[in-house]
Amino acid sequence: MFAALAAAGDIRGRVLDLGCGTGEHALAAASLGCDAVGIDQSAQAIEAAERKARDRGLPVRFRRHDALRLSELGETFDTVLDCGLFHVIAPDARAAYAAGVATALRPGGRYYMLGFSDQQPGGWGPHRLARTDIESAFTSDWHIDSIEPARLETIPAPDGLAAWLTTATRR
Ligand SMILES: C[S@@+](CC[C@H](N)C(=O)[O-])C[C@H]1O[C@@H](n2cnc3c(N)ncnc32)[C@H](O)[C@@H]1O
C-alpha cells in the first residue's frame, strides 16, 4: 500500500497512521519528510515503534490511543493511513470510527485504507469487507474517491490476501 502511494506523491503533509502497530508506515512517512504521528491501542506495539524511531533517528510521535476516540487527539492531519485497522473494527462501530477519522482530517485531506475483502475465501481472520460495508460507514463527511481490489501482504501469505484499497476525501 505505502510504496505505491508514496510513489504517486500521495503521502504528504501531516500524516496520521491509525493502528500503526510497530510503526512501519509512520516511519516510512517520516523518512519522506512528513510530520508523522502513529497511534495504536497496544502499549507493546507503541514501545516497539518508539524503539525503531530512536534506532533510525526518525522524529515520529507515537502515542497509545484508541482509534475510536480520535476527536480527543486534538490534532488534524493532511493524510490518514489505515492499514489493517478498519477491518478489525466491530461492524456496529464502523460509522462512529469513520466519523472520528473525519475529525482528525482537514477538509480536503485524504484517507487511505487497506482492508480485508470479501473476495478472500475462507472464514478465518478479520472481518471480510464488502464494498457496501465501506460505503455505508464513510457517508456524509466523506467523498469516496475509489475502492479498488488490492493485495494485503502478511507473513503467513507473502503473495497477499484479497483486499480493498479505499481512498476517501474529507468534505
Ligand atoms: C493488523 S495490525 C496492523 C498494523 C500496521 N498498521 C501494519 O500495517 O503492519 C492492526 C493494529 O490495529 C491496532 N488496533 C486495533 N484496534 C485498535 C483501536 N481501537 N485503536 C487503536 N489501535 C487499534 C492493533 O493493536 C494492531 O496493532
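Residues numbered from 1 in each chain as written. Predicted model: local features only at pLDDT ≥ 70, side-chain atom pairs only at ≥ 80, totals over all residues. Heavy atoms only, no water.

J.: Whenever I open this one, the site of the ligand confuses me. Can you help?
T.: Near the ligand you find 14 residues, and of these Gly19, Asp40, Asp66, Ala67 and Cys83 are the closest. Separating an oxygen atom of the ligand from a side-chain N or O atom of Asp40 is a distance of 2.6 Å. For the ligand, a nitrogen atom lies 3.1 Å from a polar atom in the backbone of Gln41. For the ligand, whose unbound accessible area comes to 600 Å², protein coverage reaches 70%. Looking at the shell around the ligand residue by residue, the classes come out as five nonpolar, seven polar and two charged. (Near = heavy atom within 4 Å. Polar contact = N/O pair within 3.5 Å; in protein donor to acceptor, adjacent residues only side chain to side chain. Areas by Shrake-Rupley, 256 points an atom, 1.4 Å probe, with all protein chains shown as cover. Nonpolar A, V, L, I, M, F, W, Y, C, P; charged D, E, K, R; others polar.)

J.: Whenever I open this one, the packing of aromatic side chains confuses me. Can you help?
T.: Summed over the entire model, instances satisfying the criterion amount to six aromatic pairs. Measuring from ring centre to ring centre gives 5.9 Å for Phe86 and Tyr97, while their planes differ by 45 degrees; the resulting arrangement is tilted. With Phe86 in the loop between β4 (77-83) and α4 (94-103) and Tyr97 in helix α4, this residue pair connects regions lying eleven residues apart in the sequence. Take Phe86 and Tyr97: they sit in the same class, and that class is buried. Arranged with centres 5.7 Å apart and planes meeting at 55 degrees, the rings of Tyr111 and Trp142 form a pair that is tilted. Here Tyr111, found in strand β5 (residues 105-116), pairs with Trp142, found in strand β6 (residues 142-152); they are 31 residues apart in sequence, far enough to count as distant. Accessibility assignment for this pair places Tyr111 and Trp142 in one class, buried. Taken together through their ring pairs, the aromatic side chains of Phe86, Tyr97, Tyr111, Phe138 and Trp142 make up a single cluster. A cation sits over an aromatic face here: Arg14 above Phe77, 4.8 Å from the ring centre. Taking the ring centre of Trp124 as reference, the NZ or CZ of Arg128 above it sits at 5.0 Å. (Phe/Tyr/Trp six-rings, centres within 6.5 Å; stacked < 30°, edge-to-face > 60°. Helix = DSSP H or I, 4+ residues; strand = E, 2+ residues; numbered from the N terminus. Buried < 20%, exposed > 50% of the residue type's maximum accessible area, 1.4 Å probe, protein only. Lys NZ or Arg CZ within 6 Å of the ring centre and 35° of its normal.)

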